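Chain by chain, the residues run as shown.
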Amino acid sequence: MATQFEPVIGLEIHVQLASKTKMFCTCPNGMDESSGPNTEICPRCSGQPGTLPVMNEGAVRLGVRAGLALGCKTNEVSSFERKHYFYPDLPKGYQITQNAHPVNGRGEIEITFGPKTNLQKKKIGIHHAHLEEDAAKSSHEAQYSLVDFNRAGCPLLEIVSMPDMRSADEAYAYLTEIKRLMKWVDASNCDMEKGELRVDVNVSLRPVGQEKFGTRTEIKNLNSFKAVRDAINYEIARQTEVLNKGEKVVQQTLLWDKEQNITKPMRSKEDALDYRYFPEPDLPPLILRKDRLEKIKADMPELPAAKEAKFVGLGLSAYDAGVLTITRAVAEYFEAVLKAGAPAKAAANWITTDLLGALHAENKEIEDSPIAAENLAELIGLVESGKISRTQAKTVFEKMYQTGEKAAALVEKLGLSQVSDEGQLFAWAQEAINEAPKAVADFKKGNRAAVGALVGAVMRKSKGKANPKRMNEILVELLSK
Ligand SMILES: [Zn+2]
């Protein structure tokens, strides 16, 4: 029988911090699409001799916020080192990074994965998260290569996980959670297409039950969440085949080829590369005094895990609580609807299905919602008080979404309010009973569900204006006589 193998997966994620300027100079951080290559550079970030780095306080603050979101211990003293390698995208010949003493030490986050009806949770350790500067961007043509230094010196946070993941799904969930947390605390915009979030994956296999890690490979060039998942699954299958043939996995760096859906070797003996780290002599140690750290902590928003727990406490399912905390803006919108008086369950339903559905169809975010939170609360109130039915509310919702008008005004305008005149309701009920002897006979035989058909008939007669709950009661009353 073939040996059963267990995958061991770790991720290294680079996020570009959303500070206004670069890590060690005052050039703008973040590409202005309109400006051409090599326009947002200065002698410092293009590595001219004689220039000195100056620490960007804003980037440090965002790096610490990110660390706090990851549950990391903030190190009061951290330091920068030079990492040497020779490549045209690195003008100084070294990258300023944190190595032995990163600003964020050990941390831990919780991931959620699995099917909607059977969500699983798992803790994933964070080894550390350190600050560094980005390299330039090179593009290779057939006869020549081009280098754009706009990206050189942009502030990055590298988040290194513990090798705690055991499947591609767990890695996918981890990545999703990192992105949610980074955006939640405004540390990074995490736009993968703009290179604001980059992922390298380490994969190895070991026989089930064995503690010692197997030989790992590192996969680069992962441009989407899907690529991360596909590449891990491919690599698990490839390594399983190698080991089952009695061969050895070669430690190497692989590139993901998304056209062919395979990994390809990039260079081997990656670990043989000696970066000759040494302390950056031009930067003093980064010291976070207690009062400064306390200030950063005090400015932190409530984190998604705490919000989720709070929402579950309101009676929502874990799944709904997850959807309502997908971004901080969604959570705050939901809370604003509650504050305006709507019950939690109804508010959750309207937001998770109707509102997010409509926004999603147009590729919009909750910030773009044409329906203000208090207007949605008003609509929910009209349903709750029986003024309009849920079906009518759907119509009102659509109009509100199109026009941004208020619910009560639209109900008036569309002539939608429910008929609650008892005389009229009884007349409709009697008419429906007279027209459906079979449903009446079924009811008398004990089939109480037969009332549903009669309610439906009344709803058609009244063009949806009868209050279905009250109608049900009236019909049962008449039929029980
Ligand atoms: Zn610069």
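This text goes with the structure placed above it.
These remarks concern the structure in this document. Bear in mind that the values here come from a model prediction, so they are computed numbers and not experimental data. (Residues numbered from 1 in each chain as written. Predicted model: local features only at pLDDT ≥ 70, side-chain atom pairs only at ≥ 80, totals over all residues. Heavy atoms only, no water.)

Over its 20 residues, helix α3 (residues 225-244) extends 29 Å from the first C-alpha to the last, a length consistent with the 28 Å expected when each residue adds 1.5 Å. Of all the residues in α3, the buried ones are Phe225, Ala227, Val228, Ala231, Ile232, Glu235, Ile236, Gln239 and Val242. Seen along its axis, α3 keeps its buried residues to an arc of 160°; they face one direction. (Helix = DSSP H or I, 4+ residues; strand = E, 2+ residues; numbered from the N terminus. Expected span 1.5 Å × (residues − 1). Buried < 20%, exposed > 50% of the residue type's maximum accessible area, 1.4 Å probe, protein only. Arc of directions from axis to C-beta.)

The next point concerns the pairing of strand β1 (residues 5-16). The element β1 is extensively covered by neighbouring structure, given that 10 of its 12 residues are classed as buried. Relative to strand β10 (residues 197-207), β1 runs antiparallel, the two sharing 11 bridges. Bridge pairing links Phe5 to Pro207 in β10. Sheet analysis places β1 next to strand β9 (residues 155-161), joined by 5 bridges and oriented antiparallel. Bridged to Val15 within β9 is Leu157. (Pairing = 2+ DSSP bridges.)

The tally for this structure, following the rule as stated, stands at 8 aromatic pairs. Three or more aromatic residues joined by ring pairs form one cluster here, namely Tyr85, Tyr275 and Tyr277. One cation-aromatic arrangement involves Arg229 over Tyr172; the distance from NZ or CZ to the ring centre is 3.9 Å. In this structure, Arg390 packs its charged tip against the face of Trp350, placed 4.3 Å from the ring centre. (Phe/Tyr/Trp six-rings, centres within 6.5 Å; stacked < 30°, edge-to-face > 60°. Lys NZ or Arg CZ within 6 Å of the ring centre and 35° of its normal.)

With that out of the way, let us pick up the coordination of the zinc ion. Protein coordination at the zinc ion: the donors are Cys25 (SG), Cys27 (SG), Cys42 (SG) and Cys45 (SG), at 2.3 to 2.4 Å from the metal. The motif formed by the donor residues of the zinc ion, counted along the single chain, is C-x1-C-x14-C-x2-C. Residue Cys25 is found in the loop between β1 and α1 (57-69), and its partner Cys45 is found in the loop between β1 and α1; the two are separated by 20 residues along the sequence. The residues Cys25 and Cys45 share a single accessibility class, namely buried. (Donors = N, O, S within 2.8 Å, 3.2 Å for Na, K, Ca; no water.)

Here we take up helix α8 (residues 344-361). With 18 residues, α8 should reach 26 Å at 1.5 Å per residue; the first-to-last C-alpha distance of 24 Å fits that figure. At Ile351, α8 shows its largest kink, close to 35°. Among the residues of α8, Ala344, Ala346, Ala347, Ala348, Trp350, Ile351, Thr352, Asp354, Leu355, Leu356 and Leu359 are the ones counted as buried. Taken together, the buried residues of α8 touch α6 (318-323), α7 (328-339), α9 (373-384) and α10 (390-403). (Bend = angle between axes of the 7 residues up to and from the residue. Contact = heavy atoms within 4.5 Å.)

Turning to the environment of Ile126, a few remarks are in order. For Ile126, the position within the fold is in strand β6 (residues 120-133). The spacing of Ile126 and Asn104 is 22 residues in sequence and 9.5 Å in space, taken between C-alpha atoms.

A few words on the pairing of strand β12 (residues 252-257). When you tally the buried positions in β12, you get 5 out of 6 residues, the bulk of the element. Where strand β11 (residues 217-222) and β12 come together, 3 bridges link them in parallel fashion. Of the residues in β12, the one forming a bridge with Ile219 is Leu254. Handedness of the crossover joining β11 and β12 through α3 is recorded here as left-handed. (Right-handed = clockwise from strand over helix to strand, strands pointing away.)

On to unusual backbone geometry, then. Phi is positive for Cys190, which is not a glycine, with a value near 55°. For Asn363, which is not glycine, the phi dihedral falls at a positive 60°. By secondary structure assignment, the location of Asn363 is in the loop between α8 and α9.

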